[in-house]
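Secondary and tertiary structure notes
The chain contents come next:
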Amino acid sequence: MPSTHTPTGQDWDSVNVGRSTVSRPKPKTNAAISSLKRAGLLTTEKRYATGANKSAHSATTMSARKLEETDELKHSKVDKSLSKAIQQARMAKKMSQKQLATLINEKPQVIAEYENGKAIPNGQIIVKIEKKLGCKLPRPGKKKKAAGSAGAAGGVKKAGASRGGPPKRR
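Treat the numbers as computed from the prediction; the structure is a model and nothing was measured. (Residues numbered from 1 in each chain as written. Predicted model: local features only at pLDDT ≥ 70, side-chain atom pairs only at ≥ 80, totals over all residues. Heavy atoms only, no water.)

Of the regular secondary structure elements, the protein holds seven helices and zero strands. In the protein, the succession of α and β elements from N to C terminus is α-α-α-α-α-α-α. For the protein, the proportion of its 170 residues judged to be buried stands at 14%. Summarising the internal contacts of the protein: among those between residues at least 6 apart in sequence, 51% fall at separations of at least 24. Within the structure as shown, the protein displays about 15,700 Å² of accessible surface, and the carbon and sulfur contribution to it stands at 53%. (Helix = DSSP H or I, 4+ residues; strand = E, 2+ residues; numbered from the N terminus. Buried < 20%, exposed > 50% of the residue type's maximum accessible area, 1.4 Å probe, protein only. Contact = heavy atoms within 4.5 Å. Areas by Shrake-Rupley, 256 points an atom, 1.4 Å probe, with all protein chains shown as cover.)

If you want it as structure tokens, here you go:
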């Protein structure tokens, strides 16, 4: 027969963590603060650059993203001649942007971006537009490589070297 049941799972007593139960009045004057410091009842810290996130929003410091950003990292946009040619050919066929988009299985926004010059050129989409409009569209030019690249060694070709592979065996 069990004698008495003692609760083991829960403790309902109040617990203070990190705070003393005695509340001291906070000093309001400089004289009171300095007297508490002398008595050793109060410590203060000097905090530097608090209250603002200056490092993230200051205009004087350059972030890594700004330092690394160059013209080479920007996306190429559709040329104005291509956008005008698409628009003129579509108008000659008396089609709307939506009709042309459904014919090439693309969204109407894609055609609008190409005609506004904001799209990133995609060869497959340009070929589809050419086929449905029945005309040849001007293609975007290739990017020029920087001078001094490994492939253009002064315009002189090395003997036995081929493009993109090891030298030929003899």
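Next comes the rest of the write-up.
Once that is clear, we can look at the environment of Gln99. Looking at the secondary structure, you find Gln99 in helix α5 (residues 97-103). Sequence separation between Gln99 and Ile111 is 12 residues, and the spatial gap between their C-alpha atoms is 9.9 Å.

On to helix α4 (residues 80-92), then. For α4, which comprises 13 residues, the first-to-last C-alpha distance of 18 Å matches the rise-based estimate of 18 Å (1.5 Å per residue) to within 8%. Turning to α4, its buried residues number three or more, namely Leu82, Ser83, Ala85, Ile86, Ala89 and Arg90. Buried residues in α4, looked at end-on, bunch into an arc of 160°, giving them a common side. With respect to the buried face of α4, the exposed residues turned more than 90 degrees away are Lys80, Gln88, Met91 and Ala92. Turning to α4, the residues buried within the fold contact α5, α6 (108-116) and α7 (123-133). In the segment just after α4, Lys94 is the residue with positive phi, at about 60°. (Expected span 1.5 Å × (residues − 1). Arc of directions from axis to C-beta.)

Tracing the backbone through its elements, the reader meets Glu115 in helix α6. Relative accessible area serves as the criterion here: at 8%, Glu115 is assigned to the buried category. Separated by 2.6 Å, the side chains of Glu115 and Arg90 make a polar contact. Not counting residues within four places of it along the chain, the set of residues in contact with Glu115 comprises Ser83, Ile86, Gln87, Arg90 and Gln97. (Polar contact = N/O pair within 3.5 Å; in protein donor to acceptor, adjacent residues only side chain to side chain.)

This part covers the nonpolar core. Note that soluble globular proteins tend to have their nonpolar side chains buried in a common cluster. Grouped together as the largest cluster of nonpolar side chains are 18 residues, with contacts concentrated most on Leu82, Leu100, Tyr114, Ile129 and Leu137. Only α4, α5, α6 and α7 provide two or more residues apiece to this core. For Leu100, the residues in contact, after removing those within four places along its chain, are Arg90, Met95, Ile111, Ile129, Lys132 and Leu133. (Core = buried A, V, L, I, M, F, W, Y, C linked by side-chain atoms within 4.5 Å.)

Moving on: the pattern of salt bridges. Note on pairing: side chains with opposite charge can pair once their charged atoms come close. Here the structure, examined in full by the defined rule, presents three salt bridges. The salt bridge partner of Lys128 is Glu106, with a shortest N-O separation of 3.1 Å. With Lys128 in helix α7 and Glu106 in the loop between α5 and α6, this residue pair connects regions lying 22 residues apart in the sequence. Measuring nitrogen to oxygen at the nearest pair gives 3.1 Å for the salt bridge that ties Glu130 to Arg139. (Salt bridge = Lys/Arg side-chain N within 4 Å of Asp/Glu carboxyl O.)

Taken together, the buried positions of α7 are Ile125, Ile126, Ile129, Glu130 and Leu133. The buried residues of α7 occupy an angular sector of 140° when projected down its axis, which confines them to one face. Exposed and oriented more than 90 degrees from the buried face of α7 are Gln124 and Lys131. Looking at the buried residues of α7, the elements they touch are α4, α5 and α6. Its side-chain oxygen at 3.2 Å from the backbone nitrogen of Gln124, Asn122 defines the N-terminal cap of α7. With its phi angle positive at about 70°, Gly134 sits one or two positions after the end of α7.

These figures capture arrangement, not role.
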